[in-house]
Amino acid sequence: MFDGYDSCSEDTSSSSSSDESEEEVAPLPSSLPIIKNNGQVYTYPDGKSGMATCEMCGMVGVRDAFYSKTKRFCSVSCSRSYSSNSKKASILARLQVTGKPPTKKAKVLQKQPLVAKLAAYAQYQATLQSQAKTKSAVSLEGFSWGNYINSNSFIAAPVTCFKHAPMGTCWGDISENVRVEVPNTDCSLPTKVFWIAGIVKLAGYNALLRYEGFESDSSLDFWCNICGSDIHPVGWCAASGKPLVPPRTIQHKYTNWKAFLVKRLTGAKTLPPDFSQKVSESMQYPFKPSMRVEVVDKTHLCRTRVAIVESVIGGRLRLVYEESEDKTDDFWCHMYSPLIHHIGWSRSIGHRFKRSDITKKQDGHFDTPPHLFAKVKEVDQSGEWYKEGMKLEAIDPLNLSAICVATIRKVLADGFLMIGIDGSEAADGSDWFCYHATSPSIFPVGFCEINMIELTPPRGYTKLPFKWFDYLRETGSIAAPVKLFNKDVPNHGFRVGMKLEAVDLMEPRLVCVATVTRIIHRLLRIHFDGWEEEYDQWVDCESPDLYPVGWCQLTGYQLQPPAPQTSRESQSGSSKQKKKAKSQQYKGHKKKRKMPVGKKPVSLSSLPMTGGVRRSLSGDEELTPPPYRTLPAQTAPEAFPPPSTSREFSPSLKTGN
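What you are looking at is a predicted structure, and each value in this text was computed from that prediction instead of being measured.

1. Remarks on the packing of aromatic side chains
Item 1. Per the stated rule, a full pass over the model turns up 29 aromatic pairs.
Item 2. On the basis of an interplanar angle of 70° and a centroid distance of 6.0 Å, the ring pair of Trp171 and Tyr205 is categorised as edge-to-face. One end of the pair, Trp171, is in the loop between strand 5 (155-156) and strand 6 (179-183); the other, Tyr205, is in the loop between strand 7 (194-203) and strand 8 (206-211), and 34 residues separate them in sequence.
Item 3. With centroids separated by 5.2 Å and ring planes inclined at 55°, the aromatic side chains of Phe466 and Tyr471 adopt a geometry described as tilted. When sorted by exposure, Phe466 lands in the same class as Tyr471, which is buried.

Okay, here's the thing in structure tokens:
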């Protein structure tokens, strides 16, 4: 582990390869202390007192580390070469007088060709870095989780809260003070060198690191993704033959770095040796492109359609409906989403299904194996069970900020239920939606009142404030038995105020910066940073649409940053003009669901009208733009990659990979 600091080890090699002999050796700066790693010499600049210069190769290093009593040579190799080479005097003179490197014929300096190159390049790199300091003061465009968390003293939900995310079930005890080996960016060498750092703060996958030796000095602290390819457990450099080089800022703080590291690292924790392997394995996803699935029809929630897996990013699937010839009619969801099922699922439980016009599978497409889908809990429907007409409270899938008065419209097999929102249903039932009996999105009558959540009454219901007792009596209905609902509350680990990355389920292609603002048992209120509370969404603590901070960076998905203040103000100030312009641009715009509680609906979809106009989950049919927030100054992304900036819906904009 500490071979990188064995500066007294001697290189007994006395010959160079033929390839090395053809390389010119650059002049050596006069201040380059030595650190050796497995016999190979590396250097770092700006040495001070107690130094010596090798009379053979010109290497400058710590005097005590030099060979022989006279300290004239840095190694046995240089001592032997000096005594056997007749050209030493002319070569040394040329180095001292002209400052030019010897020619290819001057083979006397071939013993350390890599070191000479590193040393020659060091001063040049140091100059570039000093010039870059003035430029680095200019803030980079884009969102940075590290800056966002540091500047506001935020905390992030731990990775262990997300069992479906990479490393969610094998994160272990990675915490503050864990040591890792990382690239040393405070160095002038042209090759990648490493140093040891400790975790100061952990935010999801992201860690704030501080180089060993800086103690309480945070000037060079930096954020990185702990699952990144450049993060290694302590001991990796020694095993891989990589150099450990102290940061230039503190290189003279200690004279014996090996002793310092031994003292600091004794008893310290580091990453498991197989950490990178576990990361890689946890990012292998069983769903593959060309697989066929059944997924909810976003234009008619009551039925499913066949879709093809077009791409997989971090476990999120871009599904293209089978009948979409140009592959623009798509839908995003996680592979563990309750909205997707194996081929034949709809028929097996009695769910509505839209038959495809395509009579047979296209070449290369194949049905997804049923065992790959998320399993639902088995239930016993033989005893007391849900019945059609029973009342309950449910999260509206088209307005996830609202928990509404709802009715069971149909009981399917295997514990599945078709549910409708009272007062807002289409005449043909096309906006009924399917929840399983164990779904955390349905609640017994009185749930909202007990937990002080505002219940959304049926549209058009005028007897306010809403009272369940009166409503049940007026409608001649009964409440679904409390004992039938899912009352399991896992020890999820979420706390109010925690930051995370969350899918905007009204635009499921978008993953946004978000905050947990309220926790009711297993139910989380998710707020999208930078947007008003009316856009919040109720989500289960085990939802596959929630991710740790740094998930987008780890998987390559595009993260939507918080809306800037200027965008919010401009949106608010020009909302009337936007509404007027959109009403002129698009014909047949569907009306929003009116909410008696006096709040604007959040849905991105086309919400119901009287007369049986159907709702959709996406609102992209019939050129219908949803009433949703926008970032006016941003442009629409190109076709198919996950959108990078725009939160404005455009009927012509299709998402994809």
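Here the narrative resumes, following the displayed structure.
2. Some words on helix 7 (residues 257-265)
Item 1. Buried within helix 7 are the following residues: Trp257, Phe260, Leu261 and Leu265. Each buried residue of helix 7 lies within a common arc of 110° when the element is viewed along its axis, so the set occupies one face.
Item 2. Of the surrounding secondary structure, the elements contacted by the buried residues of helix 7 are strand 6 and strand 7.
Item 3. Looking one or two residues beyond helix 7, the residue adopting positive phi is Gly267, at roughly 85°.

3. A short note on the side chain of His232
Item 1. Its location among the elements puts His232 in strand 10 (residues 232-233).
Item 2. In this structure His232 comes out as buried when scored by relative accessible area, which is 11%.
Item 3. A polar contact of 3.4 Å, which involves the side chain of His232, links it to the backbone oxygen of Ser229.
Item 4. Once you skip the residues sitting within four places of it in the chain, His232 turns out to touch Val180, Glu181, Phe194 and Leu271.

4. Details of the sheet that holds strand 8
Item 1. Across the sheet, which stays open at both edges, the 5 strands sit in the order 9-8-7-6-10 with antiparallel pairing between neighbours. Taken across any chain shown, the strands that pair with only one partner, and hence form the sheet edges, are strand 9 (222-225) and strand 10.
Item 2. Running at roughly 130° to strand 9, helix 5 (residues 145-152) makes contact with strand 7, strand 8 and strand 9 of the sheet.
Item 3. Along the sheet, helix 7 contacts strand 6 and strand 7; its crossing angle with strand 7, the most-contacted strand, is approximately 30°.

5. Remarks on the pattern of salt bridges
Item 1. For the coordinates displayed, the defined rule picks out 29 salt bridges.
Item 2. One salt bridge in this structure joins Asp422 and Lys391, with 2.7 Å as the shortest N-O distance. Taken together, the residues span a long stretch of sequence, with Asp422 in the loop between strand 20 (416-421) and strand 21 (433-436) and Lys391 in strand 18 (residues 391-396) at a distance of 31 residues.
Item 3. Its relative accessible area of 6% is what places Lys391 among the buried residues.
Item 4. Here the residues in one salt-bridge network are Asp297, Lys298, Arg303, Arg305, Glu323, Asp329 and Lys354, joined through shared partners.

6. Here we look at the confidence of the model for the protein
Item 1. Per-residue confidence for the protein averages 76 on the pLDDT scale, and 65% of its residues sit at or above 70.
Item 2. Within the model, pLDDT remains below 50 along residues 4-49, and this stretch shows 131 contacts once partners closer than five positions in the same chain are excluded.
Item 3. Low pLDDT, under 50, characterises residues 86-125; the stretch is placed with 76 contacts to residues that sit more than four places away or in other chains.

7. What about helix 11 (residues 468-475)?
Three or four residues apart is the spacing at which side chains of an α-helix point the same way, because the helix has 3.6 residues per turn.
Item 1. The complete set of buried residues in helix 11 reads Trp468, Asp470, Tyr471 and Leu472.
Item 2. In this structure, the buried side of helix 11 is in contact with strand 18, strand 19 (399-411) and strand 23 (455-456).
Item 3. Two residues or fewer past helix 11, Gly476 is found with a positive phi of approximately 65°.

Calculation rules
Residues numbered from 1 in each chain as written. Predicted model: local features only at pLDDT ≥ 70, side-chain atom pairs only at ≥ 80, totals over all residues. Heavy atoms only, no water. Phe/Tyr/Trp six-rings, centres within 6.5 Å; stacked < 30°, edge-to-face > 60°. Helix = DSSP H or I, 4+ residues; strand = E, 2+ residues; numbered from the N terminus. Buried < 20%, exposed > 50% of the residue type's maximum accessible area, 1.4 Å probe, protein only. Arc of directions from axis to C-beta. Contact = heavy atoms within 4.5 Å. Polar contact = N/O pair within 3.5 Å; in protein donor to acceptor, adjacent residues only side chain to side chain. Pairing = 2+ DSSP bridges. Axes fitted to C-alpha atoms, helices over the stretch in contact; angles between N-to-C directions. Salt bridge = Lys/Arg side-chain N within 4 Å of Asp/Glu carboxyl O. pLDDT = per-residue confidence, 0-100.

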